[in-house]
Amino acid sequence: MNKTMLIVGGALLAIVFALGVATRLPGVQDALFEKAIEKNFLPRAEALWENDGLSIFFCGTGSPLPSKARAQNCTLVFAGGKAFLVDAGTGSWENVQAAGIPAERLAGVFLTHFHSDHIGDLSEVNLGSWVAGRPGPLPVYGPEGVGQVIDGVNMAFAPDNIYRTAHHGKAVAEPRSAGLAANAFDGSAASVVYDQGGLKVTAFPVDHDPVHPAVGYRFDYNGRAVVITGDTAYTHSVIENARGADVLVHEAQANHMVAKLEAGAARAGNARLAKIFSDIPSYHTSPVEAAKAANEAGVKTLVLSHLTPPPDNEIALRIFMRGVVKVRAGVIVAEDGMGIILPADGEETIGQF
């Protein structure tokens, strides 16, 4: 037995050594690189947009606190083969591209409010979907104030648009399709802000004081419903607008962890950062409160996203979710690249893309 194991072990070492030598050869390197390119350029997440119901892709589950594993807040919703972003936090568009999602499917962006971690990637969203072949300026929906934001982005990147057309030509970068188009709504009461192709999107006010207005969104399509809260303290408007939804994507901030961050910043002599940490609990929802809201709304699945602080290891996750199971079992903590598919008739499936 020992002799056999030695022979097998030796053979494996020889194979590993041979592979190591082979990958030093330029021809082998080029072949591997070309194979990776071929795989990378093919659509790889077709199940998301081929679904006859709703699909969700988490392109950013983090917050302004730095995380190597999470981009800032962004959720992609698919309906009828089209894609719609809810917010566009910094770094999130790279996750859309990395998943192999065709950018030309993007039909609109819905902004919940105008904090920087929700709008930081708007320019990348514009460029990526423009050169992918979208037919016109990208519609951006949001409460009053969205026009100022979009005017600023368009102004800042107007020279870049010109450079792209000059370099790649109108066949790739058609000037008439460049830029973002603001679509403002009131935001002070629940209202339908999009109703096309069987998809109805309802905006509803949330409590993110002193940010006014701030909204969440409900997507209804082919018998399925998804609600995305945006930033909010625990509020009954979320409960009322999420009633009966298949999935509630709720922001979550572990205030018991934030309190420790505040104390740590104070001990380190960073009074400014300690002040910021002391301010933010009042306008966010804790994981336990989100679980309570989901129960009261009668939603089937609760997913926590826009996570503060980012629970990027097992210990941090256990602390983050402390007390949640006593309120609701089976709560999902979103990760970048996670997707949820909700067929018109069938069970939901969850996976990484």
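Whatever comes next refers back to the structure up there.
Residues numbered from 1 in each chain as written. Predicted model: local features only at pLDDT ≥ 70, side-chain atom pairs only at ≥ 80, totals over all residues. Heavy atoms only, no water.

Engineer: Which parts of the structure should I look at to understand the sheet that holds strand β8 (residues 199-205)?
Structural biologist: Either a parallel or an antiparallel arrangement is found when strands of a sheet pair, and the pairing is made through backbone hydrogen bonds. Strands sit in the order β7-β8-β9-β10-β11-β12-β13 across an open sheet of seven strands; the sheet is mixed. Across the chains shown, the open sheet's two edge strands, defined by having one partner strand only, are β7 (191-196) and β13 (332-333). Strand direction decides the pairing type here: strand β9 (residues 215-221) and strand β10 (residues 224-228), joined by five bridges, are antiparallel. The residue of β10 that forms the bridge with D220 is A225. The strands that helix α11 (residues 287-297) touches are β11 (247-253) and β12 (301-308); relative to β11, the one it contacts most, it runs at about 155°. (Pairing = 2+ DSSP bridges. Helix = DSSP H or I, 4+ residues; strand = E, 2+ residues; numbered from the N terminus. Contact = heavy atoms within 4.5 Å. Axes fitted to C-alpha atoms, helices over the stretch in contact; angles between N-to-C directions.)

Engineer: It is not clear to me how the pairing of β11 should be interpreted in this structure. Could you clarify?
Structural biologist: In terms of burial, β11 is largely enclosed, as seven of its seven residues are buried. Burial along β11 is two-sided: the face carrying V247, V249, E251 and Q253 and the face carrying L248, H250 and A252 are both buried. In the sheet, β10 pairs with β11 via three bridges, with the strands oriented parallel. Bridged to V226 within β11 is V247. Of the strand pairs in this sheet, β11 and β12 are connected by seven bridges, and their pairing is parallel. Note that in β12 the partner of V249 across the bridge is V303. (Buried < 20%, exposed > 50% of the residue type's maximum accessible area, 1.4 Å probe, protein only.)

Engineer: Can you walk me through the pairing of β10 in this structure?
Structural biologist: Along any regular strand the residues' side chains alternate between the sheet's two faces. The buried fraction of β10 is high, at five of five residues. The two faces of β10 match: R224, V226 and I228 on one face and A225 and V227 on the other face are all buried. Assessed by its sense of winding, the connection that carries the chain from β10 through helix α8 (residues 236-241) to β11 is right-handed. (Right-handed = clockwise from strand over helix to strand, strands pointing away.)

Engineer: Teacher, can you tell me more about the nonpolar core here?
Structural biologist: A general feature of soluble globular proteins is that nonpolar side chains tend to end up buried together. Ranked by internal contacts, the top residues of the largest apolar core, which has 35 residues, are L248, V299, L302, L304, F320 and M321. Mapped onto this core, the elements with two or more residues apiece are β10, α8, β11, α9 (255-267), α10 (271-279), α11, β12 and α12 (314-320). Per element, the largest residue contribution to this core is five residues, and it comes from α11. Leaving out residues up to four positions away in the same chain, V299 has contacts with A242, A245, L248, A294 and R328. If you look at the next biggest cluster of nonpolar residues, it comprises 30 residues, including A83, L85, W93 and I119. (Core = buried A, V, L, I, M, F, W, Y, C linked by side-chain atoms within 4.5 Å.)

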